[in-house]
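This is what each chain is made of:
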Amino acid sequence: MTKLRNAGSFEDAAFEVVRILTAAKAGQATGLSPKTIRDYTDPDRAGRPSLETAVKLDAACFAATGRAPFLEAYTRQLSASTNETPQRFGDVLAEALDIPGAVGTATSGRILAQ
């Protein structure tokens with residue numbers, strides 16, 4: 001029987017990781033067993049991945065699909081906990097990975113201003 005997971009929960013993020021990578025490949029990326037990875041998807045279990053493990057899983061998923069499920073879950077939960085206007089999930093990652101583009105834009109604007 002499939003268990004219900006709250007959208008944006010860390011269990012849902014772990015489920016997405018398994019769907020994207022498989023539990024075996026996720027285990028290889030983290031040095032954990034596939035069973036441990038599958039346990040992270042279970043909302044009735046107490047264990048959650050450490051931040052280090054979540055980053056490794058997100059990095060493996062990002063390399064495969066351009067998505068980072070744990071970052072998406074964290075961003076959604078943070079947005080729900082603050083009064084700030086919610087941003088599209090993944091904006092932080094996309095902006096961080098576009099630093100060369102931002103530097104080029106800033107440089108070209110400065111050159112044109114001179």
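This write-up is about the structure you can find in this document. Since this is a predicted model, take the numbers as computed values, not measurements.

**Remarks on the environment of arginine 19**
Tracing the backbone shows arginine 19 in helix H1 (residues 10-21). Here glutamate 16 takes part through its side chain, which lies 2.8 Å from a polar atom of the side chain of arginine 19.

**Some remarks on the nonpolar core**
It is characteristic of soluble globular proteins that their nonpolar side chains tend to be buried jointly. The biggest cluster of nonpolar side chains holds 14 residues, and the ones touching the most others in it are Val17, Leu21, Ala26, Ile37, Leu57 and Phe70. Of all the secondary-structure elements, those providing two or more residues to this core are H1, helix H2 (23-30), helix H4 (51-65) and helix H5 (69-80). The element contributing the most residues to this core is H1, with 5 residues. Apart from residues no more than four positions distant in its own chain, phenylalanine 70 is found in contact with Phe10, Ala13, Ala14, Val17, Pro49, Ala54, Leu57 and Asp58.

**Some thoughts on H5**
An α-helical turn contains 3.6 residues, so any two residues separated by three or four positions project in the same direction. Its 12 residues place the ends of H5 17 Å apart at the C-alpha level, agreeing with the 16 Å of an ideal helix rising 1.5 Å per residue. Along H5, the residues classified as buried are Pro69, Phe70, Ala73, Thr75 and Ser79.

**Regarding the side chain of aspartate 58**
Examined against the element boundaries, aspartate 58 turns out to sit in helix H4. For the buried aspartate 58, which has no salt bridge, the nearest side chain bearing the opposite charge is arginine 67, at an N-O separation of 8.2 Å. Within polar-contact distance, the side chain of aspartate 58 engages the backbone nitrogen of phenylalanine 70 at 2.7 Å. If we skip the residues at most four places from it in the chain, aspartate 58 touches Arg67, Ala68, Pro69, Phe70 and Leu71.

**A closer look at the pattern of salt bridges**
Under the counting rule described, the total for this entry stands at 7 salt bridges. Its salt-bridge partner being arginine 48, residue glutamate 11 comes within 2.4 Å of it at the nearest N-O pair. With glutamate 11 in helix H1 and arginine 48 in the loop between helix H3 (34-39) and H4, this pair connects stretches of sequence that are 37 residues apart. Residue glutamate 16 is joined to arginine 19 by a salt bridge in which the shortest nitrogen-to-oxygen separation is 2.8 Å. Taken together, the residues span about one helical turn, with glutamate 16 and arginine 19 both in helix H1 at a distance of 3 residues. For glutamate 16, a relative accessible area of 17% gives the class buried.

**Some remarks on unusual backbone geometry**
In the Ramachandran plot, threonine 22 falls in the positive-phi region, its phi being about 85° despite a non-glycine side chain. Its location among the elements puts threonine 22 in the loop between H1 and H2.

**A look at the packing of aromatic side chains**
Scanning the model with the defined rule gives 1 aromatic pair in all. Seen in terms of ring centroids, phenylalanine 10 and phenylalanine 70 are 6.3 Å apart; in terms of plane orientation they differ by 20°. Their pairing is stacked. Pair noted here: phenylalanine 10 is in helix H1 and phenylalanine 70 is in helix H5, with a separation of 60 residues, a long-range link. Classification of phenylalanine 10 as partly exposed rests on a relative accessible area of 28%.

**Description of the environment of lysine 25**
Mapping lysine 25 onto the fold places it in helix H2. The exposure class of lysine 25 is exposed, given its relative accessible area of 53%. Along the backbone, lysine 25 and isoleucine 37 are 12 residues apart, and their C-alpha atoms lie at a distance of 9.8 Å.

Reading the values: the criteria
- Residues numbered from 1 in each chain as written.
- Predicted model: local features only at pLDDT ≥ 70, side-chain atom pairs only at ≥ 80, totals over all residues.
- Heavy atoms only, no water.
- Helix = DSSP H or I, 4+ residues; strand = E, 2+ residues; numbered from the N terminus.
- Polar contact = N/O pair within 3.5 Å; in protein donor to acceptor, adjacent residues only side chain to side chain.
- Core = buried A, V, L, I, M, F, W, Y, C linked by side-chain atoms within 4.5 Å.
- Buried < 20%, exposed > 50% of the residue type's maximum accessible area, 1.4 Å probe, protein only.
- Contact = heavy atoms within 4.5 Å.
- Expected span 1.5 Å × (residues − 1).
- Lys, Arg positive; Asp, Glu negative; His and termini not counted.
- Salt bridge = Lys/Arg side-chain N within 4 Å of Asp/Glu carboxyl O.
- Phe/Tyr/Trp six-rings, centres within 6.5 Å; stacked < 30°, edge-to-face > 60°.

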